Amino acid sequence: MRVAIQGTRGAFSEAAARLQWPDMETVSCREVGDVVTAVREGRAEAGCLAIENTLVGSVTPTYDLLQYAFGDGDLHLSREIRLPVHHSIMGLAGARLDQITKVLSHPVALGQCRIWLGRQLPNVTLVNAWDTAGSAEIVAREADPTQAAICARHAADAYGLTVIEDRIEDDPTNQTRFLTFTAQPAGGPVDESIPRKTSLIVWTDHRPGMLAAVLQAFAARGVNLTSLQSRPERSTPWTYRFYFDVEGGSEDPRLAEALESIEALASRIVILGSYTAWQGEGAVVSQAAPRPPHLRAKPDLPLFDRRQHPAGTVVTVGSVQIGGDRPVIIAGPCSVESQEMILQTAQAVAASGADMLRGGAFKPRTSPYDFQGLGAKGLKLLAEAREQTGLPVVTEVMGWEEVPLVARYADMLQIGARNMQNFALLRAAGRSGKPILLKRGGGATIEEWLHAAEYILSSGNPNVVLCERGIRTFERATRHTLDLNAVALVRERTHLPVLADPSHAAGVRSIVPALALAGLAAGAQGVIVEVHPDPDHAMSDGDQSLDFRAFAELAARIRGSAPVMPRSGSPAPVTIA
Ligand code: PEP
Ligand code: MN
């Protein structure tokens, strides 16, 4: 096997390529472009290119070559290789540091030894050579005792030089990443158990949000990005192309879908290819997202079905268990309004026996002119309230793009009634790794509600808690009607824990305690209740919010009453439509 590398015998590219092809014959090339040409012209069967270094960053000549090399599909990316890079300084036999006036190496290698050179040899002339090992060869050939080379230690033996000092790189973790490629395609089926990566170049229109939209095409499908680099477009000043490396092969259905959507969105896309990701030391084995449910075999029973876990599922949030014998009490304001009010409310509900704190930072409001919540600031205040009281926090997330933000601060994510069938949000919740509180839509059937839960479960998240919060009926005297039938029936049909939200069902605070107790009597395994320090002046849902005293009385009654109603009867089968 002849493998083209930039550099000569003893170069780091050679050491990298040898990890893949131990018996290779080295075809030495002067420039990275020559490596590609050598393989194209049949002087080598494969090539190896340095693409990135952990100390100095991207190897820009390689980036600038990628489209020319791999954009036509005649050469095939093969593997990603990471090589620890340790540099030594070497000179003629007997050379001493104080004699050296000139140091030669590849500019990238000189860049990796800047600190040592600055300290030890502040006055020497640094000379850019075409290659690290090539600089050792020059020092040996010119036999000038005032010259030294920086390269890999083993090059000293190859060129008969003496090592003056070892491991002079700026950081001991120094590594370079290489891409290997071949003239022939790999052939044979792709082994799905071996992690792959895909590289591509994207050009976007110069309009707000275009790059974000490309990133979102990956994010929405749970595709992990490992590198993003921009390079100037040479013939069109001040415009850029973007290089992406993502996890997964282009045959992975999630990535294929993302690429299709980017193709439709971007002004241009070039897929450079898919290749085997580095699997040696330091490899990050990120959990591959499961195949999309519609491309998997349909389960015999829906994942939510009680028969999947006849004993019932207990969802743990912090130290709180939802779905056990003890009813869970979640309390707090509709919206986080200020630091003072959330801390005061958190302290009050904790003192009265609440298990968790609720509070909205992102609020779904009927009118766009109403208070929309404090957003990210509200999340930070909720985290502060958790610090002070120890109560885990549940808060609403309204859009799939905000899942990572909300998940960073909250212990549990709430999907609100208005978003119960926001499928992109349900999928993102499934990937979030956080327990989900899924409220029933005001106009949703039990069947629709359970299938919304199935979206989250089938995206890989088993921690779903259902919450009945009232449905729209002909009755206008209350905001909604708490559907106790649904509470009792859903307890039979699913193993997932079920809560009742009497506040949004009632809309008026006087009947909230009665509905809370009724929900528990129907089988709810806990309640979520709105509580405000001054309900008449709340910025949202004041009419249905309890003050601290009314909440304390309700909590005492719940704690004094019987444990959660056992589930009764055998479940009627639910089929996935
Ligand atoms: C809330 O919990 O404040 C809320 C908006 O709930 P729902 O989605 O049930 O209306
Ligand atoms: Mn509310």
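Cut-offs and rules
- Residues numbered from 1 in each chain as written.
- Chains lettered and ligands numbered in written order.
- Predicted model: local features only at pLDDT ≥ 70, side-chain atom pairs only at ≥ 80, totals over all residues.
- Heavy atoms only, no water.
- Domains from an automatic or database assignment.
- Salt bridge = Lys/Arg side-chain N within 4 Å of Asp/Glu carboxyl O.
- Helix = DSSP H or I, 4+ residues; strand = E, 2+ residues; numbered from the N terminus.
- Buried < 20%, exposed > 50% of the residue type's maximum accessible area, 1.4 Å probe, protein only.
- Donors = N, O, S within 2.8 Å, 3.2 Å for Na, K, Ca; no water.
- Phe/Tyr/Trp six-rings, centres within 6.5 Å; stacked < 30°, edge-to-face > 60°.
- Lys NZ or Arg CZ within 6 Å of the ring centre and 35° of its normal.

We now examine the domain arrangement of the chain. Splitting the chain by domain gives domain 1 (86–168), domain 2 (196–278) and domain 3 (315–363 + 372–559). On a C-alpha basis, the centres of domain 2 and domain 3 stand 38 Å from each other.

Now for the pattern of salt bridges. Counting across every chain of the model gives 32 salt bridges. Linking glutamate 14 and arginine 18 is a salt bridge whose minimum nitrogen-to-oxygen distance equals 3.7 Å. Pair noted here: glutamate 14 and arginine 18 are both in helix 1 (residues 12–20), with a separation of four residues, about one helical turn. Using a relative accessible area of 9% as the deciding quantity, one classes glutamate 14 as buried. Note that aspartate 483 and arginine 440 form a salt bridge whose closest N and O atoms lie 2.8 Å from each other. Placement of the pair is aspartate 483 in the loop between strand 23 (464–468) and helix 15 (484–493) and arginine 440 in the loop between strand 22 (436–439) and helix 14 (446–458), with a sequence separation of 43 residues. Considered together, aspartate 483 and arginine 440 belong to a single accessibility category, that of buried residues. Taken together, the salt bridges that share partners define one network made up of Glu52, Glu80, Arg177, Lys197 and Asp245.

For the rest of this paragraph, the subject is the coordination of the manganese ion (ligand 2). Within the protein, Cys334 (SG), His504 (NE2), Glu530 (OE) and Asp541 (OD) serve as the donor atoms for the manganese ion (ligand 2), at 2.0 to 2.4 Å. Read from N- to C-terminus, the donor residues coordinating the manganese ion (ligand 2) fall into the pattern C-x169-H-x25-E-x10-D. Remark: histidine 504 occurs in helix 16 (residues 502–506) and cysteine 334 occurs in the loop between strand 18 (328–332) and helix 10 (339–351); sequence separation between them is 170 residues. Residue classification places cysteine 334 among the buried residues on the basis of a relative accessible area of 3%.

Evaluated as defined, the whole model comprises four aromatic pairs. Relative to phenylalanine 181, the ring of phenylalanine 70 lies with its centre 5.2 Å away and its plane at 75°, an arrangement referred to as edge-to-face. With phenylalanine 70 in helix 3 (residues 60–70) and phenylalanine 181 in strand 11 (residues 175–182), this residue pair connects regions lying 111 residues apart in the sequence. Of the residues examined, phenylalanine 181 reaches a relative accessible area of 0% and is grouped as buried. Positioned over the ring face of tyrosine 68 is arginine 40, at 4.9 Å from the centre of the ring. Sitting over the face of the ring of tryptophan 203, arginine 268 holds its NZ or CZ atom 4.5 Å from the ring centroid.

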